[in-house]
Amino acid sequence: FFVEGFTPISINNRTDPFLNPIVKESTFTVLKLLQKKKITKNPLILITKKELNRIELEWLDESGLNIYLFLSYSGLSKRIEPNNETFNETHLANLRKTKNIHKIHYWRPIIEGANDNDQDINKMLVTASSTFDCSIVSGIRLSKEVISLLKKNVGISFEYEEERAIHKYLSDNTIEKILSLRNKICSKYLLFRHTSCV
């Protein structure tokens, strides 16, 4: 049951709420309806891989809505993840200017052998900690198809295990490395372990 001021609302979460102009328009329509109905205290969750322009971010920031913006960025090369533009300097500078949006970095997926080296982790921590309130760290589901594509496209090999195909895999060693580097670079920056889309 919906409880005003309490129930989280996730908008266009079957896709990306800013996927294309049509979806983006529907997202802003819903946000404006919630604003008009004065549903301003419920957490409004927007999870995206897309860059928002300055005007869109300003509207979200000044809307009076309780926005939680989850921005997915993994730092993977374009060979693995073609859509990884969201950490460009202009977008980050615009995000830093916002005061009322809860900004969460969705650090996903981390794939061992692709974006888990010290240099990549350091760079991600420095950038994220200067822009976001926290990061949620997540691995990847290693289905047979994903394993095959990673081997074919980037030469990374994984053994298939049913458990890793069901759950987003990230080894304890990688988690410890991320925590250790975080403690050296930005010890107060919050990291959370992703367990489900909830």
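Residues numbered from 1 in each chain as written. Predicted model: local features only at pLDDT ≥ 70, side-chain atom pairs only at ≥ 80, totals over all residues. Heavy atoms only, no water.

*Asks:* Tell me what's going on with the packing of helix H1 (residues 21–36) against helix H2 (residues 54–62), and back it up with residues and numbers.
*Replies:* Close contact between H1 and H2 brings their axes to 12 Å; oriented N to C, the two are set at 20°. Relative to H2, H1 is oriented roughly parallel. Along this stretch, H1 crosses H2, giving a crossing that reads as left-handed. The segment H1 lies against H2, with Lys 24, Phe 28, Leu 31, Lys 32 and Gln 35 engaging Glu 56, Trp 59 and Leu 60. (Axes fitted to C-alpha atoms, helices over the stretch in contact; angles between N-to-C directions. Helix = DSSP H or I, 4+ residues; strand = E, 2+ residues; numbered from the N terminus. Parallel < 35°, antiparallel > 145°, perpendicular 65-115°, else oblique. Left-handed = near helix turned anticlockwise from the far one by under 90°. Contact = heavy atoms within 4.5 Å.)

*Asks:* I'd like a description of the side chain of Arg 108, backed by residues and values.
*Replies:* Within the secondary structure, Arg 108 is located in the loop between strand E4 (102–107) and helix H4 (118–129). The buried charged residue Arg 108 lacks any salt bridge, with Glu 81 as its nearest oppositely charged partner at 7.3 Å. Only 3.1 Å separates the side chain of Arg 108 from the side chain of Ser 72, close enough to count as a polar contact. Ignoring sequence-local partners within four residues, the contact set of Arg 108 consists of Ile 47, Ser 72, Tyr 73, Ser 74, Glu 81, Ser 138 and Lys 168. (Buried < 20%, exposed > 50% of the residue type's maximum accessible area, 1.4 Å probe, protein only. Lys, Arg positive; Asp, Glu negative; His and termini not counted. Salt bridge = Lys/Arg side-chain N within 4 Å of Asp/Glu carboxyl O. Polar contact = N/O pair within 3.5 Å; in protein donor to acceptor, adjacent residues only side chain to side chain.)

*Asks:* Tell me about the sheet that holds strand E6 (residues 190–193), and name the residues and values.
*Replies:* If you walk across this open sheet you meet the six strands as E1-E2-E3-E4-E5-E6, and the pairing is parallel. The strands lining the two open edges of the sheet, one partner per strand, are strand E1 (9–10) and E6. Where strand E2 (residues 43–48) meets strand E3 (residues 66–72), six bridges bridge the pair, whose relative direction is parallel. What sits directly across from Pro 43, in E3, is Asn 66. Along the sheet, H1 makes contact with E1, E2 and E3, crossing E2 at roughly 170°. (Pairing = 2+ DSSP bridges.)

*Asks:* Residue-level account of empty space enclosed by the protein, with values.
*Replies:* Inspection of the entire model under this criterion finds one cavity of 30 Å³ or more. Taken as a whole, the largest cavity encloses approximately 30 Å³ of empty space. Looking at the largest cavity, the residues that line it are Ile 110, Ile 111, Glu 112, Ile 140, Leu 142, Phe 158, Tyr 169, Leu 170 and Ser 171. Here the lining of the largest cavity is built from residues that sort into seven nonpolar, one polar and one charged. (1 Å grid on protein atoms, 1.4 Å probe; cavity = no way out; pocket = protein on both sides within 12 Å on 5 of 7 lines; lining within 4 Å. Points joined across faces, edges and corners; volume = space filled by probe spheres on them. Nonpolar A, V, L, I, M, F, W, Y, C, P; charged D, E, K, R; others polar.)

*Asks:* Tell me about the state of the cysteines, residues and numbers included.
*Replies:* Summed over the entire model, instances satisfying the criterion amount to zero disulfides. Distance from the sulfur of Cys 134, which forms no disulfide, to the nearest cysteine sulfur (Cys 186) is 12 Å. Exposure remark for Cys 186: the relative accessible area of 12% places this residue in the buried category. (Disulfide = S-S within 2.5 Å.)

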